[in-house]
Amino acid sequence: MYMTISEMLDELQGKAVRNPEIRARLLATRTEQNPVSAFCRECRALGYEIYDMDLINAGEEFYAQMKRSTNGGGENSPMLEGQDDFYEMFFAALEI
């Protein structure tokens, strides 16, 4: 079964919340020179085929769908600050 980036991140986030070792490994990627690439490498090491551009595109596609669904998607659609950054949203939930 094919999982979307969002589904993989949700599943991985759940594992990280329950397993301190996985959580620490993922949080450690934030200190790397290229944290997004390091995060994606760690995801793949944990069995989740997540690549840099897939992660970025998933957030942008999600945001575009949200924007199109509000007020016909015109320029008067509300700004959804940060809703296109799955990477930052993932870590925001882990750092609580």
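It should be emphasised that the depicted structure is a prediction, and the values quoted were computed from it without experimental measurement. (Residues numbered from 1 in each chain as written. Predicted model: local features only at pLDDT ≥ 70, side-chain atom pairs only at ≥ 80, totals over all residues. Heavy atoms only, no water.)

**A look at the packing of helix α3 (residues 35–45) against helix α5 (residues 86–94)**
A packed helix pair is summarised by two numbers, namely the angle formed by the two axes and the spacing between the axes.
Then, in step 1: Two numbers describe how α3 lies on α5: the axes approach to 12 Å, and their chain directions differ by 70 degrees. Considering their axes alone, α3 and α5 lie roughly perpendicular with respect to each other. Seen from α3, the contacting residues are Pro-35, Val-36 and Phe-39; seen from α5, they are Tyr-87, Phe-90 and Phe-91. (Axes fitted to C-alpha atoms, helices over the stretch in contact; angles between N-to-C directions. Helix = DSSP H or I, 4+ residues; strand = E, 2+ residues; numbered from the N terminus. Parallel < 35°, antiparallel > 145°, perpendicular 65-115°, else oblique. Contact = heavy atoms within 4.5 Å.)

**Quick notes on the nonpolar core**
Then, in step 1: Counting 19 residues, the largest nonpolar core has Ile-5, Leu-9, Leu-26, Phe-39, Ile-50, Leu-55 and Phe-90 as the members making the most contacts within it.
Then, in step 2: Elements supplying a minimum of two residues to this core: α1 (5–18), α2 (20–28), α3, α4 (52–69) and α5.
Then, in step 3: Leaving out residues up to four positions away in the same chain, Leu-55 has contacts with Ile-5, Leu-9, Val-36, Phe-39, Cys-40, Ile-50, Phe-86 and Tyr-87. (Core = buried A, V, L, I, M, F, W, Y, C linked by side-chain atoms within 4.5 Å. Buried < 20%, exposed > 50% of the residue type's maximum accessible area, 1.4 Å probe, protein only.)

**Side note on the pattern of salt bridges**
Then, in step 1: A full pass over the atoms with the stated rule returns 2 salt bridges.
Then, in step 2: In this structure, the salt-bridge partner of Arg-25 is Glu-42, at a minimum N-O distance of 2.4 Å. Residue Arg-25 is found in helix α2, and its partner Glu-42 is found in helix α3; the two are separated by 17 residues along the sequence.
Then, in step 3: Residue Glu-88 is joined to Arg-30 by a salt bridge in which the shortest nitrogen-to-oxygen separation is 3.4 Å. One end of the pair, Glu-88, is in helix α5; the other, Arg-30, is in the loop between α2 and α3, with 58 residues separating them in the sequence.
Then, in step 4: Residue classification places Glu-88 among the partly exposed positions, given a relative accessible area of 36%.
Then, in step 5: A residue is classified by how much of its surface remains accessible, and Arg-30, at 30% relative accessible area, is partly exposed. (Salt bridge = Lys/Arg side-chain N within 4 Å of Asp/Glu carboxyl O.)

**Observations concerning the side chain of Glu-42**
Then, in step 1: For Glu-42, a relative accessible area of 17% gives the class buried.
Then, in step 2: At 2.4 Å, the side chain of Glu-42 forms a polar contact with the side chain of Arg-25. (Polar contact = N/O pair within 3.5 Å; in protein donor to acceptor, adjacent residues only side chain to side chain.)

**Considerations on the packing of aromatic side chains**
How two aromatic rings sit relative to each other is set out by the distance from centre to centre and by the angle between their planes.
Then, in step 1: Counting across every chain of the model gives 5 aromatic pairs.
Then, in step 2: Seen in terms of ring centroids, Tyr-87 and Phe-91 are 5.1 Å apart; in terms of plane orientation they differ by 70 degrees. Their pairing is edge-to-face. Here Phe-91 and Tyr-87 lie together in helix α5, a separation of 4 residues that amounts to about one turn.
Then, in step 3: What makes Tyr-87 buried here is its relative accessible area of 7%.
Then, in step 4: What links up through ring pairs into an aromatic cluster is the set Phe-39, Tyr-87, Phe-90 and Phe-91. (Phe/Tyr/Trp six-rings, centres within 6.5 Å; stacked < 30°, edge-to-face > 60°.)

**Considerations on the environment of Ile-56**
Then, in step 1: Mapping Ile-56 onto the fold places it in helix α4.
Then, in step 2: For Ile-56 and Phe-86, which are 30 residues apart along the polypeptide, the C-alpha to C-alpha distance reads 7.5 Å.

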